[in-house]
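Understanding the architecture of this molecule
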Amino acid sequence: MFWPLMKDCITQEDKDSLVNFIQTSNRYTNGPKVKEFEKKWSEWLGSKYSLFVSSGSTANLLLLSAIISKYNLKKGDKVIVPAMTWVTNVAPVIQLGLEPIFCDVEPDTFSFDLEHLKQLSKEHTDIRVVFVTHLFGVPAPIDDFKKIIPNAVYLEDCCESHGAEIYNKKVGTHSEGSTFSSYFGHHMTTVEGGFVSTDDDDLYEMMRAKRSHGLARECSPEKFEQYKKDYPDVDERFMFVTDGYNFRNNEFGAVLGISQLPRLDDMIQKRRDICDRFVSMLKKYGEAFHIPNFTGNSSFCLPFIMGSLRQCNDMKKQLQEYFEENGIETRPLCSGNLLRQPFLSEYEMGIDNPKVDDLHYHGFFIGNNHLITDEDLDKLEEILETFMKDKVKWIYESPDGKKVYRKVFGGDGPRELVSE
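The following paragraphs examine the structure supplied in this document.

Thresholds applied
- Starting from 1, residues in each chain are numbered consecutively following that chain's sequence as written.
- For this predicted model, a pLDDT threshold of at least 70 governs which residues receive local features, and a threshold of 80 or more governs which side-chain atom pairs are given and counted, while totals over whole chains, interfaces and linings are taken from all residues.
- For side-chain calculations, the full set of non-hydrogen atoms in the structure is used, while hydrogens and water are omitted.
- Here a helix means four or more residues in a row that DSSP labels H or I, a strand means two or more in a row labelled E, and each is numbered from the N terminus.
- Here the radius of gyration uses the C-alpha set of atoms, whereas the globule reference equals 2.2 Å times the residue count to the power 0.38.
- Accessibility here uses a 1.4 Å probe with only protein chains present; expressed as a share of the type maximum, an area under 20% marks a residue as buried, one over 50% as exposed, and anything in between as partly exposed.
- Residues are treated as being in contact if the distance between any of their heavy atoms lies within 4.5 Å.
- Here the accessible surface of atoms and residues is derived via Shrake-Rupley with a 1.4 Å probe, and residues count as covered only by protein chains that are part of the display.
- By the counting rule applied here, Lys and Arg register as positive and Asp and Glu as negative, while His and the ends of each chain are not counted.
- One atom stands in for each charge, and that atom is NZ of Lys, CZ of Arg, CG of Asp or CD of Glu.
- Buried Ala, Val, Leu, Ile, Met, Phe, Trp, Tyr and Cys residues form a nonpolar core when they are joined through side-chain atoms within 4.5 Å.
- A pair of aromatic rings is counted whenever rings of Phe, Tyr or Trp (Trp by its six-membered ring) have centres within 6.5 Å, and the orientation is called stacked for planes under 30 degrees apart, edge-to-face for over 60 and tilted otherwise.
- Cation placement over rings: the criterion is NZ of Lys or CZ of Arg within 6 Å of the ring centroid and within 35° of the ring normal.
- We treat two strands as partners when DSSP finds at least two bridges between them.
- For every element, the axis is a line fit to its C-alpha atoms; helices are fit only across the contacting stretch, and the angle between N-to-C directions ranges from 0 to 180 degrees.

The next thing to look at is the overall build of the protein chain. Each helix and strand in the protein chain was counted, giving 13 helices and 18 strands. The globule rule puts the C-alpha radius of gyration for 420 residues at 22 Å, and the 24 Å found for the protein chain is close to it. By principal-axis analysis of the C-alpha atoms, the protein chain measures approximately 90 × 55 × 35 Å. By residue count, 56% of the 420 residues in the protein chain fall in the buried class. Taking the intrachain contacts of the protein chain between residues at least 6 apart in sequence as the baseline, contacts between residues at least 24 apart amount to 68%. Accessible area for the protein chain stands at about 18,800 Å²; split by element, carbon and sulfur atoms hold 47% of it. Measuring between centres, the 50 positive side-chain charges of the protein chain sit 1 Å from its 66 negative side-chain charges.

As structure tokens, this is what we get:
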């Protein structure tokens with residue numbers, strides 16, 4: 001396979017850093033390297049605090065759990081979530097006893113459809129949390145959402161969007177708390193891992209304790225001293241001030257992250273350059289493909305969304321199979337329509353023909369990463385051109401219904417044969 005979802009981005013320099021650490025340290029559980037990585041990550045993001053955790057998924061659960069504690073949310077309180085996102089952006093809402101309210105998504109941004117969000121805000125006047133996903137490296141227009149639902153707590157899932165920017169700031173800095181993933185296939189890797197970041201002192205202290213079983217001693221020294229004064233009858237070594245989990249990461253992951261972080265900006269820029277080339281490929285075919293709004297992106301993947309091509313039978317499936325046959329690994333657009341997933345079958349969107357269904361049935365993606373070469377891109381362009389030339393022929397009516405067109409895509413681009 002010449003185009004896998006992700007290439008091996010762990011360099012020899014990264015491996016040398018790990019080997020040197022193992023040979024010179026006897027502390028491998030959460031310790032000083034984790035703290036160093038957290039500080040460096042916060043500086044890179046532009047956030048006051050960050051916690052290195054075991055995954056982006058646990059980051060979501062940890063953040064939402066802390067929000068429940070801080071704001072005293074009750075069972076059944078409502079959380080707006082997108083109808084297309086990674087499943088562990090929504091699962092914590094259910095696991096923690098809150099009620100997810102699914103909002104349709106806009107194919108230009110892969111985030112909340114504004115008209116449906118307005119509708120939901122009228123139907124549910126008691127929304128407590130809006131959990132925004134910046135999906136596929138495309139920044140969501142979060143300020144537009146805040147105008148529609150101004151009184152909710154806003155959170156950001158940025159697990160696929162490290163370094164994406166909107167309003168002249170990185171995503172993950174526009175809300176009360178944000179999450180990131182450093183899984184192997186993402187912009188940078190600690191193999192398994194993630195971050196939760198915030199500027200809020202109280203939220204940060206709560207998450208420090210919750211990350212490690214709810215232990216008071218995991219909080220800042222000042223906070224720990226206060227807990228000891230408040231609860232003198234409890235042994236300070238095993239004092240639990242909240243419910244909690246074991247979501248800690250380890251020193252190995254932190255060493256790998258510290259090694260990779262200085263390269264992150266360059267890796268993101270390379271992804272953006274590849275995305276620009278990808279857009280140029282698609283534009284050759286007129287309206288055959290829908291091209292999202294990639295402004296400010298950090299390009300997690302390269303999405304193929306059928307535009308006028310959807311008028312051909314199973315064109316998405318045919319193109320996907322053609323890519324796989326030619327060594328290009330493909331995946332559906334994240335979860336597709338989450339409400340079509342078996343474990344969410346009891347939930348309903350409440351609108352007809354949602355936009356997310358269009359993405360579910362007419363879109364897929366291929367991987368993007370900083371190790372893709374110009375030769376890889378040339379080959380992708382050639383494979384796509386061959387498919388369009390050999391496979392794509394269809395007939396459709398003009399908008400006024402008076403003319404019938406036959407579109408044939410070949411190496412010289414789109415052309416039309418017109419009959420009355």
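From this point, the discussion proceeds with the structure in view.
One finds Met 84, Phe 136, Phe 289, Phe 304 and Phe 323 to be the most contacted residues of the largest nonpolar core, which totals 79 residues. Broken down by element, this core gets its largest block of residues, 8 residues, from helix H3 (residues 56–71). Counting 19 residues, the second-largest nonpolar core is a separate cluster that includes Trp 44, Phe 52, Ile 258 and Met 267.

To continue, consider the packing of aromatic side chains. For the structure shown, the criterion picks out 24 aromatic pairs. On the basis of an interplanar angle of 80 degrees and a centroid distance of 5.0 Å, the ring pair of Phe 110 and Phe 136 is categorised as edge-to-face. Of this pair, Phe 110 sits in the loop between strand S4 (105–106) and strand S5 (111–112) while Phe 136 is found in the loop between strand S6 (127–133) and helix H6 (142–148), placing the two residues 26 residues apart along the sequence. Like Phe 110, the residue Phe 136 is buried in the burial classification. Every member of this aromatic cluster is reached through a ring pair, and the members are Phe 37, Trp 41, Trp 44, Phe 52, Phe 180 and Phe 195. The side chain of Lys 146 reaches across the aromatic face of Tyr 154, ending 5.8 Å from its centre.

Adjacent strands of a sheet form backbone hydrogen bonds with each other and so pair up, either parallel or antiparallel. Ordered by their spatial adjacency, 7 strands build an open sheet running S1-S11-S10-S7-S6-S2-S3, and the pairing between neighbours is mixed. The sheet is open, and its two borders are formed by strand S1 (49–53) and strand S3 (99–103), each paired with just one other strand. Taken over all neighbouring pairs, the strand axes of this sheet differ in orientation by 20 degrees on average, direction set aside. Of the strand pairs in this sheet, S6 and strand S7 (residues 153–157) are connected by 5 bridges, and their pairing is parallel. By the bridge assignment for S7, Thr 133 is matched with Asp 157.

In short, the description is geometric, and any link to function would need to be established separately.
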